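Now for the letters of each chain:
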Amino acid sequence: MSYTLYELNEFIRQVLALNLSEPLWIKCELSQVKYSRGHCYLDLVQKAENGEDVVAQGQAVIWALKLRSLKNKLGLELDAILQEGMEVLLQVKVDFHERYGLKLMVEDIDPGYTLGQLALKRRETILQLKKEGLLEKNKMFSLPLVIQRIAILSSETAAGLKDFLNELSQNEYGYVFQFNLFPVAMQGAKVESEIIAALKKINPENFDAVVIIRGGGSKLDLAAFDDYLLCKNIAQVQLPIISGIGHEVDETVLDKVVHTALKTPTAVAGFIINRNMNFESTILQLGLEFKRSVSDILQNQKQTTLLLGQVVENQVRQVLKNQKMMLGYIQNECPILIKNKLMLSNAKLDLLESSVKFLDPITVLKRGFSITLKNGKPILNSEELMAGDHLETMFHKGKTNSTVVKN
């Protein structure tokens, strides 16, 4: 017995209609999301638990009317959920058409399941990064005291980019900054690949820091920043990274691996301006302290100089006083000393004169002595005389000649 293809497909439709008449919930991953004529077409896959192998796949559709209903119900979260790579819990109605085959029509979406799966994935990412020593790696780089050359990773249409640039360019201190924008996707499936590609284009020698910013968004919008590969690449950048991806409460894994995590792009701009201002304030304070120190040194030196001048002046006065006293003493004593010296010298002269007079041959002759000369020289010893010597004897008055007859 044989069946036509139509008969087989009709039988399958009847079986499915009888057994799966009510909508049911299925867990899957979105491998592709496309919009056409107001409808949303989804390619669904299921991967093996410990690998990337696809063990099941199918197609689903959210008709335009249902899509509008879900947007009213979920708001911005719907756009965040309907992204490639998201794990979702869909309520679907199974439909089989003899010509068009199996089609799953989405009736509802459970955002809680997606958030739960993201939280689980986030925890696994953090543990893996911690195991590899990457959570603190970017924090080991020192932020420059002055940040001027900034590499910006953001979408050109990001709500926070304009706020960030305005905050920096219109700062009240007149600081000037150099910006280089590296346009990247800030949500969706391309976040990981575009940010990683942009990071590879940044030359660390040309920048002081990297800034990653975007506007606000829901938890699901931030899911891309929990990606392991993205965070691993960020942790290995050779520059300090500052993040401000627009969330006031939630912290992404990216915030954990960057050098400094702030809540908003405006907060990042304020942080940079305040850092530069603190450096300038420190320099100004050091300048004031240096000026004050120099002034204190000069004042101390001036006081020391004045004190030394007074000491020197007192010492000079004392020396002059002593010298004046010495001169007075000399002036008073000098005549007396000279007079005494003259008297002593006169006494010595008188004594010498007396001695000379006493020893004068004339004086000796007056006292009855005579002097005998031989050849004009006094005879001191009789042994000097010989027979026949002619002698001359002098007296006080007169002289006589004689000849030695016998000695």
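Structure first, text after, so check above.
Just so you know, these numbers come straight off a predicted model, no measurement behind them. (Residues numbered from 1 in each chain as written. Predicted model: local features only at pLDDT ≥ 70, side-chain atom pairs only at ≥ 80, totals over all residues. Heavy atoms only, no water.)

Counting secondary structure elements, the chain contains 10 helices and 14 strands. Taking 2.2 N^0.38 as the reference for a compact globule, 407 residues should give roughly 22 Å; the C-alpha atoms of the chain span a radius of gyration of 62 Å, well beyond that estimate. Viewed in the frame of its principal axes, the chain has a C-alpha envelope of about 210 × 50 × 30 Å. Burial analysis of the chain (407 residues in total) assigns 31% to the buried set. Put simply, of all contacts in the chain between residues at least 6 apart along the chain, 63% involve residues at least 24 apart. (Helix = DSSP H or I, 4+ residues; strand = E, 2+ residues; numbered from the N terminus. Rg over C-alpha atoms; globule rule 2.2 N^0.38 Å. Buried < 20%, exposed > 50% of the residue type's maximum accessible area, 1.4 Å probe, protein only. Contact = heavy atoms within 4.5 Å.)

Attention shifts here to the pairing of strand E2 (residues 39-47). Sheet faces and side chains relate simply in a regular strand, where the side chains alternate between the two faces. For strand E1 (residues 24-36) and E2, the ladder comprises 7 bridges, and the chain directions are antiparallel. Counted as the bridge partner of serine 36 is histidine 39 from E2. Linkage of E1 to E2, two consecutive antiparallel strands, is achieved through a turn of 2 residues, within which arginine 37 is found at a positive phi near 55°. Where E2 and strand E3 (residues 54-62) come together, 8 bridges link them in antiparallel fashion. Each bridged residue has a counterpart across the sheet, and for leucine 44 the counterpart in E3 is glycine 58. (Pairing = 2+ DSSP bridges.)

The next point concerns the sheet that holds E1. Around the barrel, which closes on itself, the 5 strands sit in the order E1-E2-E3-E5-E4 with mixed pairing between neighbours. When the angles between neighbouring strand axes are averaged without regard to direction, this sheet yields 50°. Sheet strands in contact with helix H2 (residues 64-74) are E1, E2, E3 and strand E5 (101-109), and its direction is about 25° off that of E5. Its contacts with the sheet place helix H4 (residues 111-131) against E1, strand E4 (87-97) and E5, and it is angled at close to 130° to E4. (Axes fitted to C-alpha atoms, helices over the stretch in contact; angles between N-to-C directions.)

Now for the packing of H4 against helix H7 (residues 228-235). Where H4 contacts H7, the two axes come as close as 10 Å, and the packing angle between them is 35°. Viewed along their axes, H4 and H7 form a crossing whose handedness is right-handed. Here H4 contributes Thr125, Gln128 and Leu129 to the contact with H7, which in turn contributes Tyr228, Cys231 and Lys232. A per-class count over the contact of H4 with H7 returns 3 nonpolar, 2 polar and 1 charged. (Left-handed = near helix turned anticlockwise from the far one by under 90°. Nonpolar A, V, L, I, M, F, W, Y, C, P; charged D, E, K, R; others polar.)

Take the pattern of salt bridges next. Where side chains of opposite charge bring their charged atoms close, a pairing between them can arise. Tallied over the full model, the rule gives 7 salt bridges. Here arginine 149 and aspartate 208 are joined by a salt bridge, their closest N and O atoms 3.1 Å apart. Highlighted residues: arginine 149 in strand E6 (residues 149-154) and aspartate 208 in the loop between helix H6 (191-201) and strand E8 (209-213), separated in sequence by 59 residues. In this structure, glutamate 392 engages lysine 399 in a salt bridge whose closest nitrogen and oxygen atoms are separated by 3.1 Å. (Salt bridge = Lys/Arg side-chain N within 4 Å of Asp/Glu carboxyl O.)

The next subject is the pairing of E3. In this structure, E3 lies alongside E5, joined through 2 bridges in parallel fashion. The partner of valine 61 across the bridge, within E5, is methionine 105.

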